Amino acid sequence: MIDGMTHHQLFTTSLYEYFVDEHIIDNSRTELVDHYTKNKNNSGVSWYYSSYNVDITTEGFGPFTSMINRLVTNHVTQVFRRRATIDMSFFNYVQKGCTHSKHNHGDKDMICAIVYYDDIGHTNFYDPRPQVFNFTPTSIKAEKGKVVLFPGWLEHEMPPHNTERYRLTMPFNFNMQKQENTNVQEILTALSDTS
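Since this is a predicted model, take the numbers as computed values, not measurements.

Some remarks on the overall build of the protein chain
Working step 1: Broken down by element type, the protein chain carries three helices and 12 strands.
Working step 2: The buried share of the protein chain, taken over its 195 residues, is 48%.
Working step 3: Partitioning the intrachain contacts of the protein chain with sequence separation of at least 6 by distance along the chain shows that 82% fall at a separation of at least 24.
Working step 4: Element-wise, carbon and sulfur atoms account for 49% of the exposed surface of the protein chain, whose accessible area totals about 9800 Å².

Structural notes on the sheet that holds strand β6 (residues 100-103)
Working step 1: Pairing is antiparallel across the open sheet formed by four strands, whose spatial order is β6-β11-β8-β9. The sheet is open, and its two borders are formed by β6 and β9 (138-141), each paired with just one other strand. The average angle at which neighbouring strand axes cross in this sheet is 20°, direction not considered.
Working step 2: Where strand β8 (residues 122-125) lies against strand β11 (residues 156-158), two bridges are found, and the strand directions are antiparallel. When the sheet's bridge partners are listed, Phe-125 is paired in β11 with His-156.

Some points on the side chain of His-156
Working step 1: By the secondary structure assignment, His-156 is in strand β11.
Working step 2: A polar side-chain atom of His-156 sits 3.1 Å from a polar atom in the side chain of His-105.
Working step 3: Residues within four places of His-156 in sequence aside, it is in contact with Ser-101, Lys-102, His-103, Asn-104, His-105, Thr-123, Asn-124, Phe-125, Tyr-126 and Phe-150.

So, the pattern of salt bridges
Working step 1: Within the structure shown, the criterion is met by nine salt bridges.
Working step 2: The partner of Lys-102 in a salt bridge is Glu-155, with the nearest N and O atoms 3.7 Å apart. In this pair, Lys-102 is assigned in strand β6 and Glu-155 in the loop between β10 (146-151) and β11, connecting sequence segments 53 residues apart.
Working step 3: Residue classification places Glu-155 among the partly exposed positions, given a relative accessible area of 32%.
Working step 4: Here Asp-109 and Lys-108 are joined by a salt bridge, their closest N and O atoms 3.5 Å apart.
Working step 5: Given a relative accessible area of 15%, Asp-109 falls into the buried group.
Working step 6: The structure contains a network of salt bridges with shared partners spanning Glu-17, Glu-143 and Lys-146.

Quick notes on the rules
- In every chain, residue numbers begin from 1 and rise along the written sequence.
- Given that the model is predicted, a residue must reach a pLDDT of at least 70 before its local features are reported, and side-chain atom pairs must reach 80 or more before they are shown or counted; all residues, however, enter totals for whole chains, interfaces and linings.
- The side-chain numbers reported here are obtained from all heavy atoms of the structure, hydrogens and water having been left aside.
- Here a strand is any run of E in DSSP of at least two residues, a helix any run of H or I of at least four, and the numbering for each starts at the N terminus.
- Only protein chains enter the accessibility calculation, which uses a 1.4 Å probe; a residue is then buried when its area is under 20% of its type maximum, exposed when over 50%, and partly exposed in between.
- By the convention used here, residues are in contact when the closest approach between their heavy atoms is within 4.5 Å.
- Using the Shrake-Rupley algorithm and a 1.4 Å probe, accessible areas are obtained, with residue cover drawn only from the displayed protein chains.
- Two strands are counted as paired when DSSP detects at least two bridges linking them.
- The angle between two axes is taken between their N-to-C directions and runs from 0 to 180 degrees, where each axis is a line fitted to C-alpha atoms and a helix contributes only its stretch in contact.
- The definition of a polar contact used here is a pair of N or O atoms within 3.5 Å, where within protein one atom must be able to donate a hydrogen and the other to accept one, and adjacent residues in sequence count solely through side-chain atom pairs.
- The rule for a salt bridge is simple: a side-chain nitrogen of Lys or Arg has to be within 4 Å of a carboxyl oxygen of Asp or Glu.

What follows is the structure, given as structure tokens:
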């Protein structure tokens, strides 16, 4: 496990939380807001700005955002002991009152992450068991620099926030190598050789 990482066991489903350094988050936020300013009329969704379906990854948006892409990829590889490759990373820049209804991102071979750039709002995660009424979700509070890792099949939603400031998050979808590899250092070395 990574120093400072918290492990939550929910409905026999694991979620992992840890924090990225605020200096990296602040500089990446500047890069993402700059990207938004230049591309705000080219959103992947209609209610708020998203680079989803516009850009495959956020790796080219600036050096600090690229650093977050590498850090999160390495952390997913370490935690799940399988090589992670980014299928998609994008960012959402969300004004007051907007929501993203309950959804999931993939199957058992996908791991997802959300990087929070501020303390605005929260993400609700729903019990995946079909026999359980999913009326009361588990809520993970947004905190600046927090990263949450979770399985791609886990349903979640972004409820509306009531803050005048825009909420900024960067979700990731990772394709995972099928077999667990106990030599995590070998995987990380291979990842750094391809970066």
